[in-house]
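A closer look at the structure
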Amino acid sequence: MPPIAQEGNCLIYRGSNFLKQRLILACLSGKPVKISQIRSEDETAPGLREYEISLIRLLDKITNGTKIELNPAGTSVMFSPGLLHGGQIHHDCCVQRGIGYFLDALIALGPFCKNPLQCTLRGVTNSKDSPSVDHIKGAALSLLKRFLLVDEGLELKVVRRGVAPLGGGEIIFRCPVRKSLRAIQFQSQGMVKRIRGTVYACKVSPAMANRTVEAAKGCMLKFLPDVYIYTDQNKGKMSGNSPGFGICLIAETTDGVCFAADCCSNTREESDTPSIPEDLGKEVALRLLDEIYRGGCVDSSYQWLAALYIALGQKHVSKFLTGALSNYTVHFLQHLRDFFSITFKLENPEAEDEDEAEDVRGAQKVLMACVGIGYTNINKRVT
């Protein structure tokens with residue numbers, strides 16, 4: 001949805017959709033953004049949710065000079081971003097959303113901070129409504145490494161796990177800073193060569209993890225032999241505040257592309273029937289196969305991140321092959337046009353010979369192409 005108005009360089013939007021996209025792009029572009037009518041028709045709980053306020057607080061911590069104005073009902077917010085400062089940050093994430101919701105913003109903004117990011121986030125490490133930390137470690141960080149060239153200082157460490165609804169997990173995320181991101185041409189996804197996974201179990205029987213592993217492996221071994229799934233059994237303080245278990249699978253291709261899928265057990269609030277480990281294992285295997293079928297050079301959850309990095313890259317043509325664009329990515333491209341006045345050329349690649357046909361197998365692919373805006377990190381110290 002395009003902005004309904006523009007006052008000077010301030011963009012004005014309506015509604016609560018894609019709030020995180022708008023705030024991230026506001027921080028990068030330096031343009032203030034005003035969002036009104038946020039759930040104004042919701043009679044039970046109008047305005048910003050607690051996790052959205054928690055995200056705004058996190059953005060305030062990594063910036064210097066940000067001004068935030070909220071109306072008393074919380075249905076309107078004016079966000080005037082400051083300079084991206086980075087540094088050492090501790091943040092307690094709202095347990096209504098997983099840590100992945102907050103980590104997405106840090107991965108997008110991290111390379112453009114003044115000081116290298118070193119964030120300690122506490123909350124729910126694995127949840128259904130946002131990518132798990134294992135998913136991000138496999139899919140998002142492998143994408144970021146392509147643009148950083150040298151990945152020294154890039155790390156995501158799980159100190160302890162915490163599942164929904166009470167969380168109690170903790171992660172440490174470190175990200176180096178760069179003057180600019182390189183333009184890349186990445187159009188070959190390669191063949192899947194191995195599958196790795198992690199099954200975690202917190203405050204439940206270790207048998208749950210083993211049964212999940214057997215079910216997931218049973219499905220994946222039909223397709224390739226190199227399948228290895230680790231078990232992460234946690235007890236006591238290291239297991240967070242709630243019982244639960246889940247699994248994350250990552251498929252790696254010969255060209256270094258990573259596809260990920262994750263799944264976690266039901267909480268008591270979500271369903272009266274407990275999750276069955278065998279069903280969970282099969283479901284995550286099918287999700288991963290669906291992700292591989294969709295294909296492209298990036299996991300579908302992070303198409304938007306690839307679009308952001310190539311848009312902000314050097315002033316050269318970048319090309320990136322993805323699977324069918326998700327709804328989230330389509331809106332992100334629209335927001336990129338609003339904030340940076342940049343548009344992409346999107347086309348369905350046609351295979352000209354047999355070798356190229358190998359790279360466009362599976363679902364219909366999309367080739368994103370654009371000339372980067374040459375975004376430079378004005379916050380980075382000159383050394």
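All values reported here derive from a predicted model rather than from experimental measurement.

Let us look at the domain arrangement of the chain. Many structure descriptions define interface size as the accessible area lost when the parts assemble. What the domain assignment lists for the chain is domain 1 (1-82) and domain 2 (192-294). When each unit is reduced to the centre of its C-alpha atoms, the spacing between domain 1 and domain 2 is 35 Å.

Here the focus is the nonpolar core. In this structure, Leu28, Leu103, Ile107, Phe173, Leu305, Phe320 and Leu336 are the most contacted members of the largest nonpolar core, which totals 110 residues. The residue makeup of this core includes at least three contributed by each of domain 1 (1-82) and domain 2 (192-294). Setting aside anything within four residues of it in sequence, one finds Leu336 in contact with Leu25, Ala307, Leu308, Ala311, Ser341, Ile342 and Phe344.

The residue after Ala164, namely Pro165, is reached through a cis peptide bond having omega 5°. Topologically, Pro165 is positioned in the loop between β10 (155-160) and β11 (169-175). Positive phi is not limited to glycine here, since Phe18 has a value of about 55°. Looking at the secondary structure, you find Phe18 in the loop between β2 (10-14) and α1 (19-29). Although it is not a glycine, Gln37 sits at a positive phi angle of roughly 55°. Mapped onto the elements, Gln37 comes out in the loop between β3 (33-36) and α2 (50-62).

As a further point, take the packing of α2 against helix α3 (residues 99-109). In the contact formed by α2 and α3, the axes pass within 10 Å of each other and the chain directions differ by 30°. Classed by the angle they form, the pair α2 and α3 counts as roughly parallel. The handedness of the crossing between α2 and α3 is right-handed. Every residue of α3 that contacts α2 at Tyr51, Glu52, Ser54, Leu55, Leu58, Leu59 and Ile62 is listed here: Tyr101, Phe102, Ala105, Leu106 and Leu109. Along the lines of polarity and charge, the residues of the contact of α2 with α3 split into 10 nonpolar, one polar and one charged.

To continue, consider the pairing of β3. Bridge count for β2 against β3 is four bridges, and the pairing is parallel. Within β3, the residue paired with Leu11 across the bridge is Val33. On the question of chirality, the crossover connecting β2 to the parallel β3 by way of α1 is right-handed. Strand direction decides the pairing type here: β3 and strand β6 (residues 77-80), joined by three bridges, are antiparallel. Within β6, the position partnered with Lys34 by the bridge is Met78.

Quick notes on the rules
Residues numbered from 1 in each chain as written. Predicted model: local features only at pLDDT ≥ 70, side-chain atom pairs only at ≥ 80, totals over all residues. Heavy atoms only, no water. Domains from an automatic or database assignment. Core = buried A, V, L, I, M, F, W, Y, C linked by side-chain atoms within 4.5 Å. Buried < 20%, exposed > 50% of the residue type's maximum accessible area, 1.4 Å probe, protein only. Contact = heavy atoms within 4.5 Å. Helix = DSSP H or I, 4+ residues; strand = E, 2+ residues; numbered from the N terminus. Axes fitted to C-alpha atoms, helices over the stretch in contact; angles between N-to-C directions. Parallel < 35°, antiparallel > 145°, perpendicular 65-115°, else oblique. Left-handed = near helix turned anticlockwise from the far one by under 90°. Nonpolar A, V, L, I, M, F, W, Y, C, P; charged D, E, K, R; others polar. Pairing = 2+ DSSP bridges. Right-handed = clockwise from strand over helix to strand, strands pointing away.

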